[in-house]
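A closer look at the structure
Residue strings, one per chain:
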2 protein chains.
Amino acid sequence: MGNNEVGRDPALVQSVDRAVTVLELLARNGEAGITEIAAELGVHKSSASRLVYTLQARELVEQDGERGPFRIGLGMLRFAGAVSGPIDYVRVGGPVCVDLADRLGETVNIAVLDGDVALNVSQARGGSAVAAQNWVGQRTPLHATSSGKVLLAAASAAEQDRLLGGELEACAPRTITDPSRLRRVLRRTAEDGFATCMEELEAGLHAVAVPVFGSGGDVVAAISAAGPAYRLSSARMPEIVEELRVASRDLSARMGHAVA
Amino acid sequence: MGNNEVGRDPALVQSVDRAVTVLELLARNGEAGITEIAAELGVHKSSASRLVYTLQARELVEQDGERGPFRIGLGMLRFAGAVSGPIDYVRVGGPVCVDLADRLGETVNIAVLDGDVALNVSQARGGSAVAAQNWVGQRTPLHATSSGKVLLAAASAAEQDRLLGGELEACAPRTITDPSRLRRVLRRTAEDGFATCMEELEAGLHAVAVPVFGSGGDVVAAISAAGPAYRLSSARMPEIVEELRVASRDLSARMGHAVA
DNA sequence: GGATACCGTTGCGCAATGGGCAACAACGAG
DNA sequence: CTCGTTGTTGCCCATTGCGCAACGGTATCC
């Protein structure tokens, strides 16, 4: 969805708003050409070309060769290093995710609670990963993800009421949208020490997550493995849960040191 | 230096160019207010306010409380995760830098060769660090930094000629600007297996770096420690060099695994 | 080899946007 | 309580950003 005139905040600087949308498109898709960017923004190709030229001049976008597609540039590292908060997860969580993704052959993510959603802060793709999706920096719904359920299950009853107060969006046919049913699932998650997500975010996708504990015993993050339903079968869950728990303890240990 | 009309590329989209400058200011200084941003950009406060409002709406900037200063926002993580190339150093190098910074009490950086400059890809500040400067994503001159010298020393003679072909900028009074003298320094760097930088980038700043080797024995990065001249004395260099070498081997081992 | 289609760039003119000004609200210091 | 500073916002206008048309370059097809 580009910068549709309907619903646009007039206080925004339109050109800047568009430039950010360009960056989001490149981050989401990995790469894109001018024509695609123009279509996404709903502007003329010449407008898209100028926006990209500006971002390229400032090194936030770079081009593959002379005529190739565009993608996020190295200049972005200047800002990544400046992000406060869960940036430590990006630094420290990376190797943990890489190790686990290698062993499981599935995509591994770390997410933290950010307001009303789960924010993905680190990711490593497994060798068998077919999708090239990058979740880092993206927010996912708490009720429709395994990480989200882990984070919800660790919240107080009052906090759960607040987080689940709104209508639960049906992200996929199998999404749990009944608050009562979801609360039962969360109670079981707290008992089991892990949460699953069987085609609840999108069809064909399974995931399982476990909590990451802080020094005070509280849950500060969730670490998950995701993959196609045919590979992440129920039979395989106990093994994956155990590997996630090992990785979670490793991460806690490293985070404990990192935030000293 | 804000967006001075003199020397500005007219093909750039000015608003976007300014917005990027806002982000660079926030990344460099950690935080800033509207008045400071306006001064840096050379625009009116209302203009700065609108640019920041737009970046805030897109989550690239966030505010500390209701009236506090502004800083880089979590939304930036979406793009950081999409950066290709040396992003692995950001993930894997982080813990190595943090460990070493803790032990040395100085700021530790990892840099790679990027065109004609050294690109800083990971950093951790030591406990004794007085400056809050964030180097990640920033480019520094090869001839005036310890990391740069390490990367230069590992290059072939032909490559060194190319990299040193232009005029060597005097970044500080003690910068080596004579190419012949620099080549002698680089030969000694190759022999010693480390490079120093004694107030050559800026007055009062000392640094020392060692190479990070790839699986083929080539130099793929440099890891350095930096601090004020009074703390990074010559007497202390042998200890620091040894610690850097241990960290370098650790990093090589981790990188070897990560790029599998 | 020529024709066609597509992509990305650039000069130009114009309308919409971005920006400065003034006024205001809020907060902190004295 | 007063004053100074910071940040916000309505309004108006000049400048900028944008669309159009034309062009060059590349790849594909016949």
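Up top you'll find the structure we're talking about.
From a predicted model like this one, the values you see are computed outputs, not experimental measurements.

Tallying secondary structure elements over chain A gives nine helices and eight strands in all. A total of 260 residues make up chain A; the buried ones form 52% of that total. For chain A, the computed accessible surface area is about 11300 Å², with 50% contributed by carbon and sulfur atoms.

Bringing the pattern of salt bridges into the picture now. Scanning the entire structure with this criterion turns up 27 salt bridges over all chains. In this structure, A:Glu62 engages A:Arg71 in a salt bridge whose closest nitrogen and oxygen atoms are separated by 3.2 Å. One salt bridge in this structure joins B:Arg236 and B:Glu239, with 3.8 Å as the shortest N-O distance. Three or more residues are tied together by salt bridges with common partners; here these are A:Glu106, A:Arg231, A:Arg236 and A:Glu239.

This paragraph deals with the protein's contact with DNA strand C. Taken together, 19 residues surround DNA strand C, and among them A:Gln14, A:Thr35, A:Ser49, B:Arg18 and B:Ser47 come closest. By atom count, sugar and phosphate contribute 67% of the portion of DNA strand C lying within 4 Å of the protein. Between DNA strand C and A:Thr35, the relevant distance is 2.7 Å, taken from a phosphate oxygen to a main-chain nitrogen or oxygen of the residue. For the surface near DNA strand C, the element with the most residues is helix H3 (residues 45-57) of chain A, which contributes four residues. Tallied by class, residues from the surface near DNA strand C come to four nonpolar, 10 polar and five charged.

Before going further, it helps to spend a moment on the sheet that holds strand S7 (residues 205-213) of chain A. Residue and element names in this part refer to chain A. Spatially, S5-S4-S3-S8-S7-S6 is the arrangement adopted by the six strands of the open sheet, whose pairing is antiparallel. Looking along the sheet, the strands with just one partner apiece sit at the ends: strand S5 (139-141) and strand S6 (195-198). Strand-to-strand twist in this sheet, taken as the mean axis angle between neighbours without regard to direction, amounts to 35°. Across four bridges, the pairing between S6 and S7 is antiparallel.

Our next topic: a positive patch on the surface. Residues and elements named next belong to chain A. On the surface, Arg 174, Arg 181, Arg 184 and Arg 187 cluster together into a patch of positive charge. Turning to its location among the elements, Arg 181 is positioned in helix H8 (residues 179-192). We classify Arg 181 as partly exposed; its relative accessible area is 43%.

Mapping chain A onto chain B calls for a rotation angle of 179° and an axial translation of 0.1 Å; the resulting RMSD is 0.3 Å. Expressed as a symmetry operation, the mapping of one chain copy onto the other fits a two-fold axis. The overlap is high: 100% of the interface residues of chain A also sit at the interface in chain B, so the same surface is used on both sides.

Our next topic: the sheet that holds strand S4 (residues 117-124) of chain B. Across a sheet, strands are paired by hydrogen bonds formed along the backbone, either parallel or antiparallel in direction. Residues and elements named next belong to chain B. In spatial order, the strands read S5-S4-S3-S8-S7-S6; together these six strands make up an open sheet with antiparallel pairing. On the outer flanks of this sheet lie strand S5 (139-141) and strand S6 (195-198), each paired with one strand and no other. Strand after strand, the sheet turns through a mean of 35° between neighbouring axes, direction not considered. Pairing of strand S7 (residues 205-213) with strand S8 (residues 219-228), which is carried by nine bridges, proceeds in the antiparallel orientation. Looking at the pairing, His 206 lines up with Gly 227 of S8.

Residue and element names in this part refer to chain B. Among all positions of helix H2 (residues 34-41), only Ile 34, Ile 37, Ala 38 and Leu 41 are buried. Buried residues along H2 cover an arc of 100° about the axis, so they all sit on one side. Away from the buried face of H2 by more than 90 degrees, exposed residues Thr 35 and Ala 39 are located. Summarising the contacts, the buried residues of H2 are in contact with helix H1 (14-29), helix H3 (45-57) and strand S2 (70-72). Directly after H2, the chain includes Gly 42, whose backbone phi takes a positive value near 75°.

Right, let's talk about the interface of chain A and chain B for a bit. Each partner contributes residues to the interface: chain A has 59 residues there, and chain B has 59 residues. Summing the contributions of chain A and of chain B, the shared interface buries around 5000 Å²; its carbon and sulfur component is 65%. The tally of links between chain A and chain B comes to four salt bridges. Residue A:Glu24 pairs with B:Arg58 through a salt bridge whose shortest N-O separation is 2.8 Å.

Another aspect to go through is helix H6 (residues 146-153) of chain B. Helical geometry: 3.6 residues make up each α-helical turn, so side chains three or four residues apart lie on a common side. Residue and element names in this part refer to chain B. In terms of residue burial, H6 counts as a mostly covered element, since eight of its eight residues are buried. Of the residues making up H6, those classed as buried are Ser 146, Ser 147, Gly 148, Lys 149, Val 150, Leu 151, Leu 152 and Ala 153. Where H6 starts, the residue carrying a side-chain oxygen 2.9 Å from the main-chain nitrogen of Gly 148 turns out to be Thr 145.

Close to DNA strand D lie 19 residues; A:Arg18, A:Ser47, B:Gln14, B:Thr35 and B:Ser49 are nearest. Backbone atoms, meaning sugar plus phosphate, form 63% of the atoms of DNA strand D positioned within 4 Å of the protein. Within the side chain of A:Arg50, a nitrogen or oxygen atom sits 3.1 Å from a base oxygen of DNA strand D. Residue assignment for the surface near DNA strand D shows that the elements contributing at least two residues are helix H1 (14-29) and H3 of chain A together with H1, H2 and H3 of chain B. Top element by residues in the surface near DNA strand D is H3(B). It accounts for four residues. Here the surface near DNA strand D is composed, by residue class, of four nonpolar, 10 polar and five charged.

Here the focus is the packing of helix H6 (residues 146-153) of chain A against H8(A). When two helices pack together, their arrangement is given by the angle between the helix axes and the distance between those axes. Residue and element names in this part refer to chain A. Contact geometry for H6 and H8: axes closest at 9 Å, N-to-C directions at 80°. Our classification of the angle between H6 and H8 gives roughly perpendicular. For the pair formed by H6 and H8, the contact residues are Lys 149, Val 150, Leu 152 and Ala 153 on the first element and Val 185, Leu 186, Thr 189 and Ala 190 on the second. Of the residues in the contact of H6 with H8, the class split is six nonpolar, one polar and one charged.

The next point concerns the nonpolar core. Ranked by internal contacts, the top residues of the largest apolar core, which has 116 residues, are A:Ile37, A:Met76, A:Phe79, A:Ile223, B:Ile37, B:Met76 and B:Ile223. Each residue touching B:Ile37, except ones within four places of it in the same chain, is listed here: B:Val22, B:Leu25, B:Leu26, B:Ala32, B:Ala48 and B:Val52.

Basis of the calculations
Residues numbered from 1 in each chain as written. Chains lettered and ligands numbered in written order. Predicted model: local features only at pLDDT ≥ 70, side-chain atom pairs only at ≥ 80, totals over all residues. Heavy atoms only, no water. Helix = DSSP H or I, 4+ residues; strand = E, 2+ residues; numbered from the N terminus. Buried < 20%, exposed > 50% of the residue type's maximum accessible area, 1.4 Å probe, protein only. Areas by Shrake-Rupley, 256 points an atom, 1.4 Å probe, with all protein chains shown as cover. Salt bridge = Lys/Arg side-chain N within 4 Å of Asp/Glu carboxyl O. Near = heavy atom within 4 Å. Polar contact = N/O pair within 3.5 Å; in protein donor to acceptor, adjacent residues only side chain to side chain. Nonpolar A, V, L, I, M, F, W, Y, C, P; charged D, E, K, R; others polar. Pairing = 2+ DSSP bridges. Axes fitted to C-alpha atoms, helices over the stretch in contact; angles between N-to-C directions. Patch = residues over 30% accessible without salt bridge, like charges linked within 9 Å, V, L, I, M, F, W, Y side chains within 5 Å. Lys, Arg positive; Asp, Glu negative; His and termini not counted. Charge placed at Lys NZ, Arg CZ, Asp CG, Glu CD. Least-squares fit on C-alpha atoms with pLDDT ≥ 70 in both. Contact = heavy atoms within 4.5 Å. Arc of directions from axis to C-beta. Buried area = accessible area lost by both parts, 1.4 Å probe. Parallel < 35°, antiparallel > 145°, perpendicular 65-115°, else oblique. Core = buried A, V, L, I, M, F, W, Y, C linked by side-chain atoms within 4.5 Å.

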